[in-house]
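Report on the structure
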Amino acid sequence: MKLLHTADWHLGKTLKGQPLIEDQRHILKQILEIAKDVDAVLIAGDVYDRGVPPVDAVELFDETLTKLAERKIPVLIIAGNHDSATRLSFGSKLFEARGIHIASKVDKPAQVVLTDDFGEVYFTLIPYFEPGEIHWKFFDKDSERLTYNAANKFYVDSARIGIPEGKRSVAMAHVFLTGGVETESERKFVGGTANVDAQIFTGYNYVALGHLHRPQRITADHIRYAGSPLKYSFDEANHKKSVTLVELDGKGTAKADKIDLTPRRDVRLLTGTLEDLLRNDRTEDYICARITKREINAADKLSFIFPNLLSVEFDLPQDVSAGDAATFDAGGSIADYFADFFKAQTGETLSDDYREAMVEFLSDLAASDREA
């Protein structure tokens, strides 16, 4: 059986305020092309970027599911922590007749059975949930509170009961497995309380995970995060985005290969002086410019070669930053910035007399603030 494992589409997401819906439309066309030759598509959570997605995101998801249904390709979907369980499950009973299976609410574990030339394959669909939901639905209210690991283990163990001995099986889950590598675009949990041990999935021939945006395996080749299909933060700039193609043979051995995706526009982090950055070729990519020397109006100067410049940061050398901090109360660092601003606006160098007056004014201002 050939499976296409993908996750974390985050439809409707923006990057530094820039809508990404056309970038998502572009990448989903590639995923649809790859899906032509598979037996099922697995979407492991975070279909949308927020619980109430924008209209164009809902329309894009509808178009994508319709095309998969027209090809009679089964689609298995679970809710992630960004999804609204109620909204994602709308129409799910009707969709099942078209081979689209959605698990978003925490009821009894959802099982979907698909068949190939070697027999049945059991799929366990585990939506994202908080431990309190499992405690409330399945445990006595006075019993001990559950951790994320305990809640997920209970849910997986309950699902395994419904899988006949010797049958091949696949689990889908949206969790943070211990050992996974995060990025800033994932919604962070507090400390290590959300960690789940990969050992709870013992017995499954393949585990299709969502939540972490970097494609990665956890403890074994058959336990994998597909990663997001697009870069959703600048600390993902060095990622190579992909989907995972999984082949499950008659004995249950899973062979997983990454298939690279090509974005409409790349997400790039460029570091250097303003002069260094201005030497780049003009590009439509989404750019974060990290400048290593103090500059005035840097964004305006860079906007011609980077029309999709989304962020400008200053990454000054550590000794310079320390010096600025040390002289801040005396107004030194602010005076430096003012001198740069004055020259940029007038084309003239700030005179020593004016600079001295500025430093004196800032010192008096800082003193009055301390007295207040």
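Residues numbered from 1 in each chain as written. Predicted model: local features only at pLDDT ≥ 70, side-chain atom pairs only at ≥ 80, totals over all residues. Heavy atoms only, no water.

1. Re helix α6 (residues 148-160)
- For α6, spanning 13 residues, the distance from its first C-alpha to its last is 18 Å, which sits close to the expected 18 Å at 1.5 Å a residue.
- Check the buried side of α6 and you find it contacts β7 (110-116), β8 (119-126), α5 (131-138) and β11 (195-196). (Helix = DSSP H or I, 4+ residues; strand = E, 2+ residues; numbered from the N terminus. Expected span 1.5 Å × (residues − 1). Contact = heavy atoms within 4.5 Å.)

2. Regarding a negative patch on the surface
- Together, D352, D353, E356, E360 and D364 make up a negatively charged patch on the protein surface.
- When you line up the elements, E360 lands in helix α11 (residues 352-371). (Patch = residues over 30% accessible without salt bridge, like charges linked within 9 Å, V, L, I, M, F, W, Y side chains within 5 Å. Areas by Shrake-Rupley, 256 points an atom, 1.4 Å probe, with all protein chains shown as cover. Salt bridge = Lys/Arg side-chain N within 4 Å of Asp/Glu carboxyl O. Lys, Arg positive; Asp, Glu negative; His and termini not counted. Charge placed at Lys NZ, Arg CZ, Asp CG, Glu CD.)

3. Let's talk about the packing of aromatic side chains
- Throughout the structure, instances matching the rule amount to five aromatic pairs.
- When the centroid spacing of 5.7 Å and the interplanar angle of 80° are considered together, the rings of Y48 and F61 count as edge-to-face. Within this pair, whereas Y48 is found in the loop between β4 (40-44) and α2 (55-70), its partner F61 is found in helix α2, the two being separated by 13 residues in sequence. F61 matches Y48 in its accessibility class, with the two residues each being buried.
- Within the aromatic cluster, the residues linked to one another by ring pairs are W9, Y48 and F61.
- Here the basic side chain of R160 rests over the ring of Y204, its NZ or CZ set 4.4 Å away from the ring centre.
- The ring of F304 has R282 lying over it, and the distance from NZ or CZ to the ring centre is 5.4 Å. (Phe/Tyr/Trp six-rings, centres within 6.5 Å; stacked < 30°, edge-to-face > 60°. Buried < 20%, exposed > 50% of the residue type's maximum accessible area, 1.4 Å probe, protein only. Lys NZ or Arg CZ within 6 Å of the ring centre and 35° of its normal.)

4. Some remarks on the sheet that holds strand β12 (residues 206-210)
- The strand order across the open sheet built from six strands is β7-β8-β9-β12-β14-β13, with neighbouring strands paired in mixed fashion. One side of each edge strand has no neighbouring strand; the edge strands of this open sheet are β7 and β13 (216-218). Averaged over all pairs of adjacent strands, the angle between strand axes in this sheet comes to 30°, irrespective of strand direction.
- Pairing of β13 with strand β14 (residues 220-225), which is carried by three bridges, proceeds in the antiparallel orientation. Its bridge partner lying in β14, Q216 is registered against Y225.
- Seen against the sheet, α6 touches β7, β8 and β9 (168-174) and runs at an angle of roughly 155° to β8. (Pairing = 2+ DSSP bridges. Axes fitted to C-alpha atoms, helices over the stretch in contact; angles between N-to-C directions.)

5. A short note on empty space enclosed by the protein
- Under the definition given, this model contains two cavities of 30 Å³ or more.
- In terms of lining, the largest cavity is formed by 14 residues, of which the most central are Y128, Y148, N152, H174 and V175.
- A per-class count over the lining of the largest cavity returns eleven nonpolar, three polar and no charged.
- By volume, the second largest cavity is sized at about 30 Å³.
- Lining the second largest cavity are L4, W9, I31, A35, V41, T64 and L68.
- Of the residues in the lining of the second largest cavity, the class split is six nonpolar, one polar and no charged. (1 Å grid on protein atoms, 1.4 Å probe; cavity = no way out; pocket = protein on both sides within 12 Å on 5 of 7 lines; lining within 4 Å. Points joined across faces, edges and corners; volume = space filled by probe spheres on them. Nonpolar A, V, L, I, M, F, W, Y, C, P; charged D, E, K, R; others polar.)

6. Describing the packing of α5 against α6
- Relative orientation of the contacting elements α5 and α6 amounts to 50°, with a least axis distance of 8 Å. With respect to α6, the element α5 is oriented oblique. In terms of crossing hand, the pair formed by α5 and α6 is left-handed. Packed against α5, whose contacting residues are P131, I134 and F138, the element α6 presents Y148, A151, F154 and Y155 at the interface.
- For the contact of α5 with α6, the per-class residue count stands at seven nonpolar, no polar and no charged. (Parallel < 35°, antiparallel > 145°, perpendicular 65-115°, else oblique. Left-handed = near helix turned anticlockwise from the far one by under 90°.)

7. A short note on the confidence of the model for the chain
- Across the chain, the average pLDDT comes to 89, with 91% of residues at 70 or higher.
- Confidence drops under a pLDDT of 50 for residues 320-332, and excluding neighbours within four residues, the segment shows 15 contacts in the predicted structure. (pLDDT = per-residue confidence, 0-100.)

8. Some thoughts on the packing of helix α1 (residues 21-34) against α2
- Packing of α1 against α2 leaves a shortest axis separation of 11 Å and a crossing angle of 10°. Taken as axis vectors, α1 and α2 run roughly parallel relative to one another. Counted together, I21, Q24, R25, L28 and L32 of α1 and D56, A57, L60, E63, T64, K67 and L68 of α2 form the full contact between these two elements.
- By residue class, the composition of the contact of α1 with α2 is six nonpolar, two polar and four charged.

9. Structural notes on unusual backbone geometry
- Not every positive phi belongs to a glycine, and H211 is a case in point at roughly 125°.
- Judged by relative accessible area, which is 1%, H211 ranks as buried.

10. A short note on the pattern of salt bridges
- Counted under the stated rule, the structure contains 19 salt bridges.
- Measuring nitrogen to oxygen at the nearest pair gives 2.8 Å for the salt bridge that ties K231 to D266. Here K231 is found in the loop between β14 and β15 (242-248), whereas its partner D266 is found in the loop between β16 (254-260) and β17 (267-272), with 35 residues between them in sequence.
- Overall, the relative accessible area of 25% leaves D266 in the partly exposed class.
- K255 is paired through a salt bridge with D257; the nearest N and O atoms lie 2.6 Å apart.
- The exposure class assigned to K255 is partly exposed, which follows from its relative accessible area of 49%.

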